[in-house]
Amino acid sequence: MIIKTERKVTIFTGNQAIAEAMRQINPDVAAVYPITPQTDIAERLSAFVADGLLNVVYVPVESEHSAMSACVGAAAAGARAVTATSSQGLVYMQEVLYIASGLRLPIVMANVNRALSAPINIHCDHSDSMGARDSGWIQLYSENAQEAYDNVLQAVRIAEHEDVRLPVMVNMDGFIVSHGSEVVELLDDKYVTEFVGEYQPAFSLLDVEHTVTIGPFDGLHGHFFEHKKAQIEAMDRARGVILDVGKEFASLTGRSYGLFEEYRLADAEVAVVVLNSAAGTCKIVVDELREQGLPVGLLKLRVFRPFPSAEMADALRNLKAIGVLDRSVSPGLGGPVFAELRSALFDVGARPKVVSFIYGLGGREFRPEHAREAFSSLLDINKTGLVNNLVSYLGIRRRQP
Amino acid sequence: MRGWKEDDYLPGATIPLGGTARWNKTGSWRALTLPYFDRRLCIDCLLCWVTCPDGCIVMKDDEIQGIDLDYCKGCGICASVCPRGAITMVNKNES
């Protein structure tokens, strides 16, 4: 592979990486709520503006509901709009998330995955973005700061693609990645400018030569159903667009991105499916168990929406046992990724056993021993064919008697 | 884009025309009362024009001509701000 760009390596936190990516994208509008639960992505963007490094209309709004509303207005006016949030902030903008996707506005948002109260907790947890899973946003997940940076750049292309025109949320783990420093390889501004290109909005409220009505009332016997169907089809087309953009990004950087990453999966008999930073911890354990000759592997889901059901079923069909690691829970159902993956495997001939591991809620540490525990029960299932616990909780304290 | 129809689906339910709110004659939502305008008492101070939440006060050549009942909800703000009693709220059935 020929990589077109020169290497430019630095030490960044996840938040720095995302703020840098947003500076390089050079959006027209950045509307962000600047106070908790906001992360320093917003702070860094405003510093870029103050230092003259970013020419953007920076709107420090009074709430996340307003942040997303301002992005919707800006995008409807034909602007390239970005925002960032976390935790309760994402919940607060929930109402407007559906409007952004329903109006087919290609807004790019960074979300730092953190827990939802109560009890009050600020640490890593995927409940915020999982709660927005039906809002019609494309959701990308990032294992580390590098992937967060790369995902934000690709998100612009995916969102604005004429076959898609949907908003994209780029997720990364709160604190573990957002505030942890690591090596990140950056692209030169000129390559980013070239890669993201100039935004060509489908419609613009500011185009007085071609007046449009955006967000009309649909009438009492209107066409909501048909428009929703069109939105669903756009989400389905996004799978192909995400793959194409990933390939183009690979030719630029040497880093390739698909719908998910397979790690030592081809000849594995048992595997875990995991999102975000815990994938790194699990990979270490996969390597360790492979040294011992155990047939273990891993699938790291990058694209949660659109859910790559068929592709994942294909990649996982020959396994004997799969453990799905969820850092969030739908009480009364279980882990959301678990439920969806189990459903995706329903039509596979000899279905693998699929079990659920809930881990890391409210930032509970996920250590290699927890991954070992998961693999050990999966290897047991592989050996005996019996599932004793459909749902296990990794790293939970036992209740006092 | 003249000739656009409701089932010409554009992304996001966009309508390729401006001013489409006119199509929805929301005056049909009006409840019991509606404004009656008396031109003889009006001094064209435009307080009603400024305060009407639906832009229903019709102007021509700097003079108020009347009230557009296609969009008037009958809220009565115009009658309450009028310093000369040129607008009065009347019962729908009596008018």
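See above for the structure.
Predicted model, so just to flag it, every value in this text is computed and none were measured.

Caption draft 1: Seen up close, the pairing of strand 4 (residues 81–86) of chain A. Residue and element names in this part refer to chain A. Where burial is concerned, most of strand 4 is hidden: six out of the six residues are buried. The two faces of strand 4 match: Ala81, Thr83 and Thr85 on one face and Val82, Ala84 and Ser86 on the other face are all buried. Across two bridges, strand 2 (residues 29–32) lies against strand 4 in parallel orientation. When the bridges of strand 4 are listed, Ala30 appears paired with Val82. Two elements, strand 4 and strand 5 (residues 108–113), share five bridges in a ladder whose sense is parallel. Within strand 5, the position partnered with Thr85 by the bridge is Asn111.

Caption draft 2: Just the packing of helix 1 (residues 14–25) of chain A against helix 2 (residues 40–50) of chain A, in detail. Residues and elements named next belong to chain A. At a minimum axis separation of 9 Å, helix 1 and helix 2 run at an interaxial angle of 40°. If you check the angle between helix 1 and helix 2, you find them oblique. The way helix 1 lies across helix 2 gives a crossing that is right-handed. Packed against helix 1, whose contacting residues are Asn15, Gln16, Ile18, Ala19, Met22 and Arg23, the element helix 2 presents Asp40, Ile41, Arg44, Leu45 and Phe48 at the interface. Here the residues of the contact of helix 1 with helix 2 sort into six nonpolar, two polar and three charged.

Caption draft 3: Local environment of the environment of Gly3 of chain B. All names here are of chain B. For Gly3, the location among the structural elements is in the segment before strand 1 (33–37). Residue classification places Gly3 among the exposed positions, given that 5 C-beta atoms sit within 10 Å. Put simply, Gly3 and Ile64 are 61 residues apart on the chain and 34 Å apart in space, counted from C-alpha to C-alpha.

Caption draft 4: Quick look at the interface of chain B and chain A. Each side of the interface is counted separately: chain B has 13 residues, and chain A has 17 residues. For the side of chain B that touches chain A, the class distribution of residues is six nonpolar, five polar and two charged.

Caption draft 5: View of the nonpolar core. Residues and elements named next belong to chain A. Core analysis: the largest hydrophobic core is formed by 127 residues, its most contacted members being Ile18, Cys71, Val152, Ile158, Val168, Ala271 and Val273. A domain split of this core shows at least three residues from each of domain 1 (9–197 + 218–253) and domain 2 (260–394). In contact with Val152, other than residues within four places in its own chain, are Ile18, Ala21, Met22, Val108, Ala110 and Val170.

Caption draft 6: Highlighting the environment of Arg367 of chain A. Residues and elements named next belong to chain A. Positionally, Arg367 belongs in the loop between strand 14 (353–359) and helix 13 (368–384). Residue Arg367 is classed as partly exposed on the basis of its 14 C-beta neighbours within 10 Å. Separated by 89 residues in sequence, Arg367 and Ala278 have C-alpha atoms that sit 8.5 Å apart.

Rules used throughout
- Residues numbered from 1 in each chain as written.
- Chains lettered and ligands numbered in written order.
- Predicted model: local features only at pLDDT ≥ 70, side-chain atom pairs only at ≥ 80, totals over all residues.
- Buried ≥ 20, exposed ≤ 12 C-beta atoms within 10 Å, placed from the backbone.
- Helix = DSSP H or I, 4+ residues; strand = E, 2+ residues; numbered from the N terminus.
- Pairing = 2+ DSSP bridges.
- Axes fitted to C-alpha atoms, helices over the stretch in contact; angles between N-to-C directions.
- Parallel < 35°, antiparallel > 145°, perpendicular 65-115°, else oblique.
- Left-handed = near helix turned anticlockwise from the far one by under 90°.
- Contact = placed C-beta atoms within 7 Å.
- Nonpolar A, V, L, I, M, F, W, Y, C, P; charged D, E, K, R; others polar.
- Core = buried A, V, L, I, M, F, W, Y, C linked by C-beta atoms within 7 Å.
- Domains from an automatic or database assignment.

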